[in-house]
Amino acid sequence: MAKTVWVDTDACISCGLCVSLAPEVFKFVDGKSFAYDPAGAPQKKSRNASMAAR
Ligand code: SF4
């Protein structure tokens, strides 16, 4: 089953790690990371970047 990535913007401290690891998935919006294209990278890459976001 496909999983989707998302960002808990309340918990985001704007470190930029997820954006630098998977810029095709994450970008900053109003200073917080946003998963603008959850399917923009292979699932493993998106998962690794989202794990960094925790
Ligand atoms: S890695 Fe986490 S804290 Fe850093 S910008 Fe991404 S969501 Fe925010």
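Residues numbered from 1 in each chain as written. Predicted model: local features only at pLDDT ≥ 70, side-chain atom pairs only at ≥ 80, totals over all residues.

Participant: What am I meant to see in the overall build of the chain here?
Facilitator: Scanning the chain from terminus to terminus reveals two helices and two strands. Computed over C-alpha atoms, the radius of gyration of the chain comes to 10 Å, within 12% of the 10 Å expected from 2.2 N^0.38 for 54 residues, which places it in the range of a compact globule. Projecting the C-alpha coordinates of the chain onto the three principal axes gives extents of approximately 30 × 15 × 15 Å. Looking at the 54 residues of the chain, the share that counts as buried comes to 20%. Look at the contacts in the chain between residues 6 or more apart in sequence, and 43% of them connect residues 24 or more apart. (Helix = DSSP H or I, 4+ residues; strand = E, 2+ residues; numbered from the N terminus. Rg over C-alpha atoms; globule rule 2.2 N^0.38 Å. Buried ≥ 20, exposed ≤ 12 C-beta atoms within 10 Å, placed from the backbone. Contact = placed C-beta atoms within 7 Å.)

Participant: Honestly, the pairing of strand β2 (residues 32-35) in this entry has me stumped. Any pointers?
Facilitator: Residue alternation in β2 divides its side chains into a buried set, Ser-33 and Ala-35, and an unburied set, Lys-32 and Phe-34. Pairing analysis gives four bridges linking strand β1 (residues 26-29) to β2, with the strands arranged antiparallel. Note on β2: the bridge partner recorded for Val-29 is Lys-32. What sits between the antiparallel neighbours β1 and β2 is a turn of two residues, in which Asp-30 has the positive phi angle 55°. (Pairing = 2+ DSSP bridges.)

Participant: Please explain the nonpolar core as it appears in this structure.
Facilitator: As a rule of thumb, nonpolar side chains are buried together in soluble globular proteins. Counting residues in each nonpolar core, the largest one holds seven residues, listed as Val-5, Cys-18, Ala-22, Val-25, Phe-26, Ala-35 and Ala-49. The contact partners of Val-25, leaving out residues within four places of it in the chain, are Val-5, Ala-35, Asp-37, Pro-38, Gly-40, Ala-41, Ser-46 and Ala-49. (Core = buried A, V, L, I, M, F, W, Y, C linked by C-beta atoms within 7 Å.)

In short, geometric facts, not functional conclusions.
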